[in-house]
Amino acid sequence: LRKIIRHKHQIHLQELNKMEEGTKNEEPHSVGIVKKVHIERALKWATKKKNVLLLCYTMSLVSVIISSFYVSAMLRSLGHVIAKSDHSQASSTENFGNNIEDKMHSIEGSVQETSSACLLVCDDNHFLIEWIAYHYFAVDLRYLIVTRDPRCRTSPDHILDRWRDKLTIEYWNDSHFLEIDGNKTVLETHRARQSQFYIGCLRTLKRKNQSWVLLTDTDEFVTINPSKSAGVNPFSKSGEKNKSLLFPKMERLPSISEPGSVMTFLKNVIVPNKKIGLAGPCLPIYREQFSARESSKEEVEQGLSDSSLGKASFDYMAFSTLRWRKWGKSPKAAFETVLGKKCSTEINPIPGKVAIDLSRLREQDLYHKGIAGNPHRPLEPICPQGNLFTKSKKAGLIIHHYLGTEEQYNYRSTDSRGEKYRTLHYEHTNQNIGSLESDHLKPWLEGFVGLVGEDEASRLLKDVGELERTIDDSGNQLNSNLRLIDLESRGKTYKVGDLVQGKYKDEWYWAQVTDVIAGMYYNLVLIAKEEKCFEIVGVESNNIRLRGYTIDSLSKRKILKRERKLKIKQRNQQRVNDDV
């Protein structure tokens, strides 16, 4: 503005000088007077604007001085608050809930370089024996917090007692963590117990100064993703080509036969790391679902021998990590959507899990009001949404998730989803999984025996894979009042072929029902993704509706209009074929 005013001022002066010269050259007097008056007015306007600009500069200077005074006062006040907080360690209740000071405790000792876990068990001791041994060996599991559904028939006490000289074990009951409304359904109670247990467990482990924490189930075994290493065999001890793509300074990724292989991976990971989706304390873990399709005994025992394990001989078919080798989605038959698109349906990838590095969090962070304890994303405000369905190639760690035998799968008597659901879900998963094979975890057993010794390994792994009896010495059924009860579906029910809206990743899409499980769970194919026939398996009825806004920009009117056009086109084509 100053430059413009100066420029206009110079132009007015030049025109005034020209006007005066024109008057000397006998320009008509009246015209000269008019020009002079006009230019003088313009000159006054420019001078006035110049004065206004000077006033603006003055006011700006005054405001800067006043602002600097207030900023310095605020900094002095803030310094006083920080100095005071060093002694009181007060937290803001607005961000982290009410009475956080009463709930928080002092942190004990230095950060541990071993791992810990939060484990909810129920009638799965046959898996628990192998689960503790494997993670003790592969993940340096040294701190374990366990809770049990009180409706379960069996207790893990005798198995946990085997490990108390090697692990710090806390065995919680509901009074340690559960606050629940008595009006909740069985399913709602189970989910509340699960989420509140995870939240309480994470807070406790943070106070114990633990670092990496696993939140998995007893049928899930964590290992390093073999795609993150170079070379033919990612678990080979020899071979110079087997260098880690994530850690170039490491000669190779540790073999699963070496103690603490997964923990070595976690200790060397650098934050952030886009290659494995690690942006903070939450490391996404991809879950590979294994089927119950049998391999021959020769295939299972290949590479294993009693001589390599010394006196610790085992029935290898009793180990989930050895017996179940088949995983990977099997292609399904062609499916025709309501819009006439023919393609093979794709099973929805099961949601992953996360490993959480508590050393990167403050204790008050675990009291954030947005934390709901989702088992797949327990720290919702902290763990990115993308962690839930991370892809295999982007995961640093993977989970081998085993179905087990049908007897093992149905042994649990308290599944709140009902007997029909468990039976049909087992059949559905087993039919559609098993196109690939893997022996990645096979070497762990030999390494475990070498670590703890032959006699100790035999003691710790006694009765692995065996179902505990459910009949007492008198022939009576233990906890006979507990049965898998099929829940009645509440609200609207749907049938195969119905056009509905399904919820996927917190968004709604138009979909088509392809299967009904136990009358209350549904398989859906998303219409907006019909080029892949993207299928969501086991959707609950409360995640299905008939109308509302969808993110795919489709409407029922558009879908039905396309369907009518498609049918007309098909009829016309049929007539042409008939004429031919």
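Cut-offs and rules
Per chain, residue numbering runs from 1 following the sequence as it is written. Since the coordinates come from a predicted model, pLDDT governs what is reported: local features require at least 70, and pairs of side-chain atoms require 80 or more to be given and counted, while whole-chain, interface and lining totals use all residues. Side-chain numbers here rest on the full set of heavy atoms in the structure, without hydrogens or water. In this description a helix means any DSSP run of H or I spanning at least four residues, a strand means any run of E spanning at least two, and both kinds are numbered starting from the N terminus. The classification of residues rests on relative accessible area computed with a 1.4 Å probe and restricted to protein chains. Under 20% of the type maximum is buried, over 50% is exposed, and intermediate values are partly exposed. Residue burial considers only the protein chains on display, and all accessible areas are found by Shrake-Rupley using a 1.4 Å probe. The contact criterion used is simple: two residues touch if any of their non-hydrogen atoms lie within 4.5 Å. In protein, a polar contact requires one atom able to donate a hydrogen and another able to accept it; more generally it is a pair of N or O atoms within 3.5 Å, and residues adjacent in sequence count only if both atoms are side-chain atoms. The distinction between a cavity and a pocket rests on a 1 Å grid over the protein atoms alone: a 1.4 Å probe fits inside a cavity but cannot get out, while a pocket stays open yet meets protein on both sides within 12 Å along at least five of seven lines, and a residue with an atom within 4 Å of a point counts as lining. Grid points are joined across faces, edges and corners, and a volume is the space filled by probe spheres set on the points. Asp, Glu, Lys and Arg are counted as charged, while Ala, Val, Leu, Ile, Met, Phe, Trp, Tyr, Cys and Pro are counted as nonpolar; the rest, among them Gly, fall into the polar class. Any two cysteine sulfur atoms within 2.5 Å of one another count as a disulfide. When two rings of Phe, Tyr or Trp (its six-membered ring) have centres within 6.5 Å they constitute a pair, described as stacked for plane angles under 30 degrees, edge-to-face for angles over 60, and tilted for the intermediate range. Two conditions define a charge sitting above a ring: the NZ of Lys or the CZ of Arg must be within 6 Å of the ring centre, and it must be within 35 degrees of the ring normal. Each residue carries a pLDDT value, the predictor's own confidence for that position, ranging from 0 to 100.

*Asks:* Account for the overall build of the protein, with residues named and values stated.
*Replies:* The helix and strand inventory of the protein stands at 16 helices and 17 strands. Counting the 580 residues in the protein, one finds 46% classified as buried. Only carbon and sulfur atoms are counted for the fraction: they give 51% of the accessible area of the protein, which is about 31,300 Å².

*Asks:* An account of helix H8 (residues 261-268) is needed here, citing residue identities and associated values.
*Replies:* Considered for burial, the residues of H8 that qualify are Ser-261, Val-262, Met-263, Phe-265 and Leu-266. Looking at the buried side of H8, the elements it contacts are strand S1 (115-121), helix H5 (125-138), strand S4 (212-214), strand S5 (220-224), strand S6 (282-290) and strand S11 (397-402).

*Asks:* Describe the side chain of Gln-194, listing the residues and the values that go with them.
*Replies:* Here Gln-194 lies in helix H7 (residues 186-207). The buried category is assigned to Gln-194, whose relative accessible area is 17%. The residues touching Gln-194, leaving out its near neighbours within four places in the chain, are Leu-120 and Pro-375.

*Asks:* Outline the side chain of His-400, listing residues and values.
*Replies:* You can see His-400 is positioned in strand S11. The exposure class assigned to His-400 is buried, which follows from its relative accessible area of 1%. Polar contacts involving the side chain of His-400 include one to the side chain of Tyr-402, which spans 3.2 Å.

*Asks:* Quick rundown of empty space enclosed by the protein? Include the residues and the values.
*Replies:* Taken as a whole and assessed by the stated rule, the structure comprises 1 cavity of 30 Å³ or more. What lines the largest cavity is Phe-290, Thr-321, Leu-322, Trp-324, Arg-325, His-400, Tyr-402, Ser-438, Asp-439, His-440, Leu-441 and Lys-442. Taken together, the elements giving at least two residues each to the lining of the largest cavity come down to helix H11 (320-323) and S11. Split by residue class, the lining of the largest cavity holds 5 nonpolar, 4 polar and 3 charged.

*Asks:* Quick rundown of the state of the cysteines? Include the residues and the values.
*Replies:* For the structure on display, the rule yields 3 disulfides. In this model Cys-118 forms its disulfide with Cys-201; the gap between the sulfur atoms is 2.0 Å. Taking the torsion about the sulfur-sulfur bond, which here is approximately -90 degrees, the covalent link between Cys-118 and Cys-201 counts as left-handed. Highlighted residues: Cys-118 in strand S1 and Cys-201 in helix H7, separated in sequence by 83 residues. Accessibility classification places Cys-118 together with Cys-201 in one group, the buried group.

*Asks:* Go over the packing of aromatic side chains, please, and point to the residues and values.
*Replies:* Applying the stated criterion across every chain yields a total of 17 aromatic pairs. Between Tyr-409 and Tyr-426, the aromatic rings sit 5.1 Å apart at their centres with planes inclined by 50 degrees, giving tilted as the arrangement. Separated by 17 residues along the polypeptide, Tyr-409 in helix H12 (residues 406-409) and Tyr-426 in helix H13 (residues 419-432) bring together distant segments of the chain. Among the aromatic residues, those joined into a cluster by ring pairs are Tyr-134, Tyr-136, Trp-163, Phe-221, Phe-290, Phe-314, Phe-319, Trp-327, Tyr-402, Trp-444 and Phe-448. Directly above the ring of Tyr-136 sits Arg-142, whose terminal nitrogen or CZ lies 3.9 Å from the centroid.

*Asks:* Tell me what's going on with the environment of Ala-279, and back it up with residues and numbers.
*Replies:* Within the secondary structure, Ala-279 is located in the loop between H8 and S6. Separated by 104 residues in sequence, Ala-279 and Cys-383 place their C-alpha atoms 8.7 Å apart. Among all residues touching Ala-279, those that are not within four sequence positions of it are Val-271 and Pro-272.

*Asks:* I'd like a description of the confidence of the model for the protein, backed by residues and values.
*Replies:* Confidence along the protein averages 78 in pLDDT terms, with 71% of residues attaining 70 or more. Helix H3 (residues 93-96) is the least confidently modelled element of the protein, averaging 36 in pLDDT, while H5 averages 97, the highest of any element. Low pLDDT, under 50, characterises residues 80-101; the predicted model gives this stretch 18 contacts beyond four residues in sequence or across chains.

*Asks:* Tell me about unusual backbone geometry, and name the residues and values.
*Replies:* The linkage connecting Val-271 with the following residue, Pro-272, adopts the cis geometry, with an omega of -5 degrees. Note that Pro-272 resides in the loop between H8 and S6. Even without being a glycine, Asp-140 presents a positive backbone phi close to 55 degrees. Looking at the secondary structure, you find Asp-140 in the loop between H5 and strand S2 (141-148). For Asn-209, which is not a glycine, the phi torsion comes out positive at approximately 60 degrees. Mapped onto the elements of the fold, Asn-209 is located in the loop between H7 and S4.

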